[in-house]
Amino acid sequence: MVTSLAQRAEHIASLADRRAALVREDEAAVSKDRARQLRDHVRAYVVPRAQALESPLLVVLLGPTGAGKSTLMNTLARATVSRTGVLRPTTREAVLLATDADAATLRRGALAGIDAGRIVRAPAATASAGLAIVDAPDLDSVERANRVIADALVEAADLGIFVTSAIRYADKVPFDVVQRIAARGLPLLIVVNRLPNDESEQRVVLEDLRRVLKDTALRGIDDARVQIVGVAEGRLDPAGERLEPDAAAPVLDRVDELAKDRERRLALARRALEGALAGLGPLLSNVADDVEREAAEGEALRAITGKSYDAELAVLFEELRGGTFLRTEVLRHWESYVKADQITRFFSRGLGRIRGTIVAVFRGMPEAPVGVVEKEVTSDVVAVAISRATEAARRVASEWSSREGPSAQLGRDPTLWSASPDLAARIQPRLREWVASIATDVQARGAGKRDLAFGVSLGVNALTVAAMVGVFAHTAGVTGTELGIVAATGFLNQKLMQAIFGEAAMREMIANARERLEALLRDEFAKERMRYDRLVADPVELRTLAEELRGAMAPVAA
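Note that the structure is predicted; figures quoted are calculated from it, not measured.

This next bit is on the overall build of the protein. Looking only at helices and strands, the protein features 21 helices and seven strands. Taking all 558 residues of the protein together, 52% fall into the buried category. A fraction of 79% describes how many contacts in the protein between residues 6 or more apart in sequence connect residues 24 or more apart. Of the accessible surface of the protein, which amounts to about 24700 Å², a share of 52% is contributed by carbon and sulfur atoms.

Right, let's talk about the packing of aromatic side chains for a bit. Two aromatic rings are characterised by how far apart their centres lie and by the angle between their planes. Following the criterion strictly, the structure yields five aromatic pairs and no others. Ring geometry for W400 and Y532: centres 5.7 Å apart, planes at 80°, overall edge-to-face. Linking W400 in helix α14 (residues 370–400) with Y532 in helix α20 (residues 503–533), this pair joins segments that are 132 residues apart in sequence. We classify W400 as buried; its relative accessible area is 0%. Aromatic rings pair up to connect Y309, W400, F525 and Y532 into one cluster.

Once that is clear, we can look at the pattern of salt bridges. This model, assessed by the stated rule, comprises 41 salt bridges. A salt bridge links R39 to D40; the shortest N-O distance between them is 3.2 Å. Since its relative accessible area comes to 31%, R39 is described here as partly exposed. By relative accessible area, D40 is classed as partly exposed at 32%.

What follows concerns the packing of helix α1 (residues 5–22) against helix α21 (residues 539–551). One can describe the packing of α1 onto α21 by two numbers: an axis separation of 11 Å at closest approach and a directional angle of 150°. Comparing the axis directions of α1 and α21 gives the class roughly antiparallel. For α1 against α21, the interelement crossing comes out left-handed. Of the residues in α21, those in contact with H11, L15, R18, R19 and L22 of α1 are E541, L542, L545, E548 and L549. Considered class by class, the residues forming the contact of α1 with α21 number five nonpolar, one polar and four charged.

If you add up the space inside the largest pocket, you get close to 840 Å³. Every residue lining the largest pocket is counted, 27 residues in all, and those nearest its centre are Q37, H41, Y45, D151 and E155. Those elements that place two or more of their residues in the lining of the largest pocket are α2 (29–51), α5 (144–156), α6 (172–184), α9 (262–279) and α10 (281–322). Residue composition of the lining of the largest pocket, by class: eleven nonpolar, five polar and eleven charged.

Our focus in this paragraph is empty space enclosed by the protein. What the rule picks out here adds up to two cavities of 30 Å³ or more. In this structure, the largest cavity occupies an estimated 90 Å³ of space. Those elements giving two or more residues to the lining of the largest cavity turn out to be α2, α5 and α9. Its residues assigned to classes, the lining of the largest cavity shows eight nonpolar, no polar and four charged. What the second largest cavity holds in volume is close to 40 Å³. Surrounding the second largest cavity, F162, T164, Y169, F175, V178, I190, L209 and L213 form its lining. Those elements that provide at least two residues to the lining of the second largest cavity are β5 (159–165), α6 and α7 (199–213). Split by residue class, the lining of the second largest cavity holds seven nonpolar, one polar and no charged.

Looking at the protein as a whole, its pLDDT mean stands at 83, while 87% of the residues score no less than 70. For the protein, the element scoring lowest by mean pLDDT is helix α17 (residues 450–454), at 46; α21 scores highest, at 95. Residue range residues 86–90 is modelled with pLDDT below 50. Its contacts to residues more than four positions away, or to other chains, number twelve contacts. Predicted confidence for residues 352–360 stays below pLDDT 50, and this span has seven contacts to residues more than four positions away or in other chains.

Bringing the environment of V486 into the picture now. Along the chain, the position of V486 falls in helix α19 (residues 480–501). Classification of V486 by relative accessible area gives buried; the value is 16%. Remark: the alpha-carbon pair of V486 and E335, spanning 151 residues in sequence, is separated by 9.5 Å. Residues in contact with V486, not counting those within four places in the same chain, are G322, G323, L331 and A473.

Procedures and definitions
- Residues numbered from 1 in each chain as written.
- Predicted model: local features only at pLDDT ≥ 70, side-chain atom pairs only at ≥ 80, totals over all residues.
- Heavy atoms only, no water.
- Helix = DSSP H or I, 4+ residues; strand = E, 2+ residues; numbered from the N terminus.
- Buried < 20%, exposed > 50% of the residue type's maximum accessible area, 1.4 Å probe, protein only.
- Contact = heavy atoms within 4.5 Å.
- Areas by Shrake-Rupley, 256 points an atom, 1.4 Å probe, with all protein chains shown as cover.
- Phe/Tyr/Trp six-rings, centres within 6.5 Å; stacked < 30°, edge-to-face > 60°.
- Salt bridge = Lys/Arg side-chain N within 4 Å of Asp/Glu carboxyl O.
- Axes fitted to C-alpha atoms, helices over the stretch in contact; angles between N-to-C directions.
- Parallel < 35°, antiparallel > 145°, perpendicular 65-115°, else oblique.
- Left-handed = near helix turned anticlockwise from the far one by under 90°.
- Nonpolar A, V, L, I, M, F, W, Y, C, P; charged D, E, K, R; others polar.
- 1 Å grid on protein atoms, 1.4 Å probe; cavity = no way out; pocket = protein on both sides within 12 Å on 5 of 7 lines; lining within 4 Å.
- Points joined across faces, edges and corners; volume = space filled by probe spheres on them.
- pLDDT = per-residue confidence, 0-100.

This is the structure in structure tokens:
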């Protein structure tokens, strides 16, 4: 059970890992991006902070080009640590003010995901232990790499200070970042630079800013209304690198309080983590929706596969039971043997009437074409099984090809349009084992009649083939004149087996052999079907994951 912020962070991280592991190559790009975003964000920012609330508090200055971030950075540092102006050398980098120990801790934790070459260390002489300040690249930079760093810092921050100006506060790009800050749940201060000197005009600008921010779920440092600090135009020190102390006093006081008070820093870090976890709600919901869609798609694809293979397996069983797949020349071989005079006399007269002359009856018995018939019959079984498996594959591939993702998979693996290339090689040895199982059954059932049948010329091998033929041509009373060569051969074969084993035992033997054969083929068709099923993530696993992702959105007590 998830009972703390740290446990919740780890739980969400494990869910994100599971989702990422289930992403398929042919998924929609937006789904893959969301899965990656969730995993990367939680692993890079949320878990490290949850595991180390005592880490240095990270304050990030954010804002558009020319808003005065660097000026505020210098003011907070009480030294010129970030060059001001449009052409400042650090436009492409973030400037970090922190003690050496804190900087090292942050590089291993909250800032680990940012290229070290894009973070410039400011002189640490004025840094406060336990509190780090970063001047982020401009949010509206024309360079995408700068915006990426700024976005990463939004995710890593414990406190955001959004710096804008009287003419830039409603610009779309910075405002979009404010919306992300709100969604992230990041505690925020807002500094509006370059306000008109007239107080009434200042009020107009600040009230309009509050109107713009009205529908955003921004959080203040103390969970009260977000504090907005206005700074009038020209409130700079003589060097023009910092704000006048009085002009920035509310921000300075807030940051100084945090620098001096460990408990306040810890409380703010915890609240920032709470906000980060709560802010994952929309992303978790979207990822859960993606997973649900994948589950539905997987169920649909597996249903197509199951229906196709079940249908073809049913047709295969029907063909096997009717013997219609057997080649006429194979049946002729066995029919000629069973119609031989001695064999015909044997089963027409029955064992009971010839017990005294059994040796004479079998004298001159023709040699059974055991090897030929067994080989040809099993070869025909393989051929018809491959034919049906290929038809099932064709039906699956035809229906899958109308769907964008599966279509790409079919294009990468042409073998999916037919039976597996190794299907025959898999079935043949199993059929040999099946024939051997019939022989074992024949021996067991004929043990009591060994003197009458198994010690004479007919033999176990011939009776095994008779039972095998019976599996595919068991007439159940239908005469040969009604159904042609299959029924004719089956009728004669059936009479022979009845004479040896009796009708009840013969039927049971054939039924058992047929059951074993169908189980064998059912297993091979299941393997064939798995070629497609394994291309689709398990729908049950996906639905379970979606449910857990939604459950992870529920808040817990810290």
